[in-house]
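Fold and contact review
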Amino acid sequence: MQVDLNLLTALDALLEENSVQAAADRLHLTPPAMSRTLARIRATTGDDILVRTGRTMTPTPRALAMRDEVRTLVARANRVLAPARTVDPATLRRTFTIQGHDVLLAALFPALLRTASAEAPGLGLRLLAEAPVDTPDLARGHVDLELGATVPASPEISHEVVGEDRLVLVTRAGRELDIEEFAAAEHVIVSRRGRLRDGVDKVLAELGLRRRVVAALPTAALALQAIVHSDVVAVLAERFTAQARADVGLSAVELPFDPPHAPVVLSWHSRYDTDPAHEWLRAHCRAAVTDVLAGSAAGVVSEKQG
């Protein structure tokens, strides 16, 4: 029996999206064309693959069993068939969409802009703030690269931990607090989801303490402004906020306990694993992170007063 291997790509999209419409959008096909392809897949496999349940479609047990294998086969085929080539940044004409935590974007963008101006004048950069909820934007191609602190759980999302910052206490007073003073202070938390607890609270709970959190804020920039104009404090990444803190005249001090780690994670869809232009982008983001973490005297907790 001759098998049309193009069906694997369509099957991979259908099993990832669980939607004929979304799979069609991903492969730049019309919904009727994708419906016909699904019919061919059903005839070839002898299985319904996706069945309608109300207003959504649900994969069959056979589809769930083959999903990871199909994804692996498609990725391998792409690697085998991809031409061995490099990218010439000077002739690159492409717009990349980067989404991430505001602290990371603010710290990395100047370096990326300098690189783009010097090496790739035809490159466009679109920066987006983190969404308040997890989205499939990487899988659907709406975002090329994410910068954050979380390792993705989805197997089709590739990632690289490119560094680690440490957490410090930012306060207008600029003095160290003991553990009881820290817990008693009025805290603001930076959370895209509006959460009023994070890893710091877990550490405090193990010590039998609970801090006062008065607000959850969407960005570190807003947290810094809150500190400038009030007596609140915040736990933020040390080096990635160094320039922003200097701009508003704030310093950072050591935390009175061993804080949780603050990794820097690059995430992208595996379809871009071997894309030369995307590899170029990732390399420069990696270099920018390294430069920021290498830091300068202004970004180190040598700012302690007292």
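As a reminder, the structure under discussion sits directly above these lines.
Predicted model only: the values in this text are computed from it and were never measured. (Residues numbered from 1 in each chain as written. Predicted model: local features only at pLDDT ≥ 70, side-chain atom pairs only at ≥ 80, totals over all residues. Heavy atoms only, no water.)

**Re the sheet that holds strand β6 (residues 157-165)**
Pairing is mixed across the open sheet formed by five strands, whose spatial order is β4-β3-β5-β12-β6. Each edge of the sheet is formed by a strand with only one pairing partner; in this case those strands are β4 (123-129) and β6. In this sheet, neighbouring strand axes are inclined to one another by 20° on average, regardless of whether the strands run parallel or antiparallel. Its contacts with the sheet place helix α5 (residues 102-119) against β3 (94-100), β4, β5 (145-148) and β12 (262-269), and it is angled at close to 175° to β4. (Pairing = 2+ DSSP bridges. Helix = DSSP H or I, 4+ residues; strand = E, 2+ residues; numbered from the N terminus. Axes fitted to C-alpha atoms, helices over the stretch in contact; angles between N-to-C directions. Contact = heavy atoms within 4.5 Å.)

**A word on the pattern of salt bridges**
Enumeration over the complete set of coordinates arrives at 16 salt bridges. Of the charged contacts, one joins Asp12 and Arg26 as a salt bridge, the two residues approaching to 3.5 Å between their closest N and O atoms. Of this pair, Asp12 sits in helix α1 (residues 6-17) while Arg26 is found in helix α2 (residues 20-27), placing the two residues 14 residues apart along the sequence. The exposure classification of Asp12 matches that of Arg26, with both residues buried. One salt bridge connects Asp201 with Arg211, and the closest N-O pair in it is separated by 2.9 Å. Of this pair, Asp201 sits in helix α7 (residues 199-206) while Arg211 sits in the loop between α7 and β9 (212-217), and the two are 10 residues apart along the sequence. The exposure class of Asp201 is buried, given its relative accessible area of 10%. With relative accessibility at 3%, the residue Arg211 sits in the buried group. One salt-bridge network, in which partners are shared between bridges, spans Asp12, Glu16, Glu17, Arg26 and Arg140. (Salt bridge = Lys/Arg side-chain N within 4 Å of Asp/Glu carboxyl O. Buried < 20%, exposed > 50% of the residue type's maximum accessible area, 1.4 Å probe, protein only.)

**Quick word on unusual backbone geometry**
Phi is positive for Asn18, which is not a glycine, with a value near 55°. Tracing the backbone through its elements, the reader meets Asn18 in the loop between α1 and α2. Phi at Ile49 is positive, roughly 65°, even though this residue is not glycine. With respect to the secondary-structure elements, Ile49 resides in the loop between α3 (31-45) and β1 (50-53).

**Details of the packing of aromatic side chains**
Under the definition given, this model contains one aromatic pair. Ring centres of Phe182 and Phe257 lie 5.2 Å apart, and the angle between their planes is 75°; on these two criteria the pair is classed as edge-to-face. Taken as a pair, Phe182 in helix α6 (residues 179-184) and Phe257 in the loop between β11 (251-253) and β12 lie far apart in primary sequence, 75 residues in all. Each member of the pair, Phe182 as well as Phe257, carries the same accessibility label: buried. Its guanidinium or amino end placed over the ring of Tyr272, Arg271 lies 5.8 Å from that ring's centre, counting from NZ or CZ. Across from the ring centre of Trp268, 4.2 Å away, lies the NZ or CZ of Arg282, which sits over that ring. (Phe/Tyr/Trp six-rings, centres within 6.5 Å; stacked < 30°, edge-to-face > 60°. Lys NZ or Arg CZ within 6 Å of the ring centre and 35° of its normal.)

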